[in-house]
Amino acid sequence: MPELLQFLLSGITVGAVYALVALGFTIIYNASDVVNFAQGEFVMLGGMITVFSHAAGLPLPLAALIAIAATAAVGVALNKLAIEPARGAPVVSLIIITIGASIFIRGATQLVFDKQIHRFPAFSGDRPIAVGGATILPQSLWVIAGALAVFFGLWLFFTRTLTGRAVLATANNRIAAQLVGINTNYVMTLSFAMSAAIGALAGVLVTPITMTSYDVGLALALKGFAAAMLGGMGNPKGALAGGLLLGLLEAMTAGYVSSQYKDAAAFVVILAVLFAMPQGLFGRKSTDRV
Amino acid sequence: MRLSGKATTLLVLMAVIAVAPVFFPSSYYYRVGSLIFVNGLAVTGLVILIGYAGQISLGHAGFAGIGAYACALAPVHLGLHPALAAVLGAALSALIAFLVGRPILRLKGYYLAVASLGFGILVSMVLSNEAWLTGGPDGMAVEEMGLRAALKAIGIDLSNTQFWYAFSGLVLVIGAWLALNLHHSPTGRALRALHGSEVAARTVGVDVARYKLVAFVVSAVYASASGSLLALQNKFITPDVAGFMHSIEMVTMAVLGGAGSVLGAILGAAILTTLPQVLTVFQEYEQLMLGLVMMLVMIFMREGLLPSLARLVRGRGE
Amino acid sequence: MSLLQIEGLGIDFGGLRAVNDVSFSLKPGEIVSVIGPNGAGKTTLFNMISGVYAPARGRVLLDGEDVTRMPPHLLARRGLSRTFQNLQIFQSMTVLENAVAGHHLHERGPVLADLFALPASRRRSRESEAGARALLERVGLGRAASQEAGSLSYGALKRLEIARALALKPRVLLLDEPAAGCNAVETEEIDHLIAAVAAEGVSILLVEHDMKMVMRISNHIVVLDHGEKIAEGEPAAISRDPRVIEAYLGAQATEATHADG
């Protein structure tokens, strides 16, 4: 039993990170119908910028803030320079653009920083906490708390604030939103900024556990997208549930089947979900109009 | 008499392949040329899938991996001649494409992209993890095909790089010929019709699911043949051939030159294959450049390089 | 004996009854028009008959065979073909290729034959191209054959869709607003074309807003309002039917009153 509990705990930790990446996907997808394959790079940037700001002598909280703000700026730049000019382009083009952006950001990071693997100290030390025979790192609790806080914050934002409702309205019907006077360009920019900041936060939280380097983004983007899809594209609750589920699944596969194939498990499940219920767990059905 | 588009494309392609060596300063360029042809072959397959049928795949390197490892494994374990091994790889790729494609191709857009990507990653994962069979990430050696020796016996003595330049060039021309045939055939029209409007294609009787599958299987065979060629000429293969980045490079080559045209896509393959060779001094900047090229072309030349340029020229002429 | 029979057809969208309990039938060579105000469910009805939407209730019989919920490509094989209200043209193909693509069922063959351009494959292409050229002449697009389809005017594209639909040699042809966006001359040409096609024994189901045209060429009219059939009969009877005037013209009359007030 302690074994199972151990896998559960590590699954939830990883799953919380996937959930954050998936939330980032969801925000951008809802605002612009774009699936941003560069989402994982935001996580990488969050970790890398914190590492180098911290190494330059800044206290960790300040370094993390700078990383989140800088990544949000990268998100805005991505929207302004690459997504907005390509509005109306076919899906294939948008896929290439965001993958291109992801490769570009990776290349730039490797030039500006380096190709080494880095980490910075955990927020509350590295002494594992014993839980019913299993252990959990204090940093894992930070990750889980961070994911919950972001999810709760987003929920407040979307239901209680005018701006949040404007974002939802835009997601629902872009033209109608424009007609009632919502500045949809602003909504898109805001979505990219938020999404990038959430990604960066995930990077800040998880780097002390998983470490980071310029090339960790891609795998995270794929897992995050998988989680978003598992939960149903465009649904924040689905993103959270999908992320946690995927994390648990990976941890179970690593523990009971084969650690080499833990990444495979995720993709097998994704393929299965896509075939059995293409709308995901919480998705809506849609009818093509002709 | 005006030449048909098909004849022009094939003539241009053959002329370039035949004449280019005149300008090669060293034998190294034969090597670059044959790499262009190998990539061009895979990309020609993607023209059928992306350009004709309008379906995306981010996992076609998986089929290149199957073709490559068939050439590495079948001679050792089944005693097959490497050329037959390539045929076996193509058949296996077709079979797997058929089985995977049926459920995958019901999906559209991003979902299809990620499903195919997942497939590609699974293939590369198996190739890396099953080290007892594939040598794992370190890769494995591939047997000599023996054709060059046979040519030498009948008096045609080519250096290794010259031989592979000529041989891959020949395979590419055949691949281009087949793809161009398809374009102007009933099957090609059905593919382009479902690309244009799926619902209208259905109402004129096109079995959309079947034709998407046809495009997927045919393009998988192209990718597999490309992987086989790469394995045979390098005489060594690693799981990178099936990796995600290779899939992305293939799609980028196709859309960079223009996924709708065979010549454009081969041009895309030529540019993206040559660029890193030319920029070896700036190796650090390779990813930066690749990413930038991908974004710029898709933002400013959505149809790809060749069709956009052709439009520009035609616009001037009128 | 009716060729196409619709029995109690209905569909809901998100709990809303878009079309409900619609029944009528077409005999060979007959022209039946479906009319009604915008949003009455005409195009939805077409989409159900042609297999694009799956109806929730009712049946569609084609020559006595139950073809309800049959996918469009199988309906095409049974001789049912259609055009679209919001054009569904193969944009990146030439006008000729669009019409050739309509011959798909006649020209399809083994993929390998097409890949290697075997004589059989080339012969099939040649035959369908000849058929397509004849059809383009018939709809008045003969000169535009080699143009890119995207470059044609709206009215010309409407005719191209008709040519493409005729390429199937259909027994039943569904035309969704074929004269929309056409000038008076073009409308009259389409008018003649439809009559000529019907004269060959093809049953035509028509949705059209041009009332003059509808009254002129229809043998029979079905009136929809809010997804329900409110009347059907011969053109003369329909134009006098008070329910039709209320539902169909009433909307305009009310608008006119408002405009005056």
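Structure first, text after, so check above.
Conventions and cut-offs
Residues numbered from 1 in each chain as written. Chains lettered and ligands numbered in written order. Predicted model: local features only at pLDDT ≥ 70, side-chain atom pairs only at ≥ 80, totals over all residues. Helix = DSSP H or I, 4+ residues; strand = E, 2+ residues; numbered from the N terminus. Buried ≥ 20, exposed ≤ 12 C-beta atoms within 10 Å, placed from the backbone. Contact = placed C-beta atoms within 7 Å. Pairing = 2+ DSSP bridges. Axes fitted to C-alpha atoms, helices over the stretch in contact; angles between N-to-C directions. Nonpolar A, V, L, I, M, F, W, Y, C, P; charged D, E, K, R; others polar. Parallel < 35°, antiparallel > 145°, perpendicular 65-115°, else oblique. Left-handed = near helix turned anticlockwise from the far one by under 90°.

Turning next to the environment of C:Ala231. Residue and element names in this part refer to chain C. Residue position: Ala231 is located in strand β10 (residues 228-233). Note on Ala231: 19 C-beta atoms within 10 Å, which makes it partly exposed. Residues Ala231 and Pro242, eleven residues apart in the sequence, show an inter-C-alpha distance of 9.9 Å. The residues touching Ala231, leaving out its near neighbours within four places in the chain, are Val223, Ile238, Asp241, Arg243 and Val244.

On to the sheet that holds strand β7 (residues 172-176) of chain C. Residues and elements named next belong to chain C. Spatial ordering of the open sheet is given by β6-β7-β8-β3-β9-β10, a layout of six strands whose pairing is mixed. Unpaired on one side and paired on the other, β6 (80-82) and β10 mark the two borders of the sheet. When strand polarity is set aside, the average angle formed by the axes of neighbouring strands in this sheet is 20 degrees.

This brings us to the interface of chain A and chain B. When the parts of a complex come together, some accessible area is lost, and that lost area is often used as the size of the interface. Each partner contributes residues to the interface: chain A has 35 residues there, and chain B has 33 residues. Within the residue set of the side of chain A that touches chain B, elements represented by two or more residues are α4 (91-112), α9 (217-231) and α11 (262-276) of chain A. The biggest single contributor to the side of chain A that touches chain B is α4(A), with 16 residues. For the side of chain A that touches chain B, the class distribution of residues is 28 nonpolar, five polar and two charged.

A pair of packed helices is characterised by two quantities: the angle between their axes and the separation of those axes. Residues and elements named next belong to chain B. Interhelical geometry of helix α12 (residues 244-257) versus helix α13 (residues 262-278) gives an angle of 120 degrees and a closest axis separation of 6 Å. Judged by the angle between their axes, α12 and α13 are oblique. Between α12 and α13 lies a crossing of right-handed hand. Judged by residue contacts, Glu249, Thr252, Met253, Ala254, Leu256 and Gly257 of α12 engage Gly264, Ala265, Ile266, Leu267, Gly268, Ala269, Ile271 and Leu272 from α13. For the contact of α12 with α13, the class distribution of residues is nine nonpolar, four polar and one charged.

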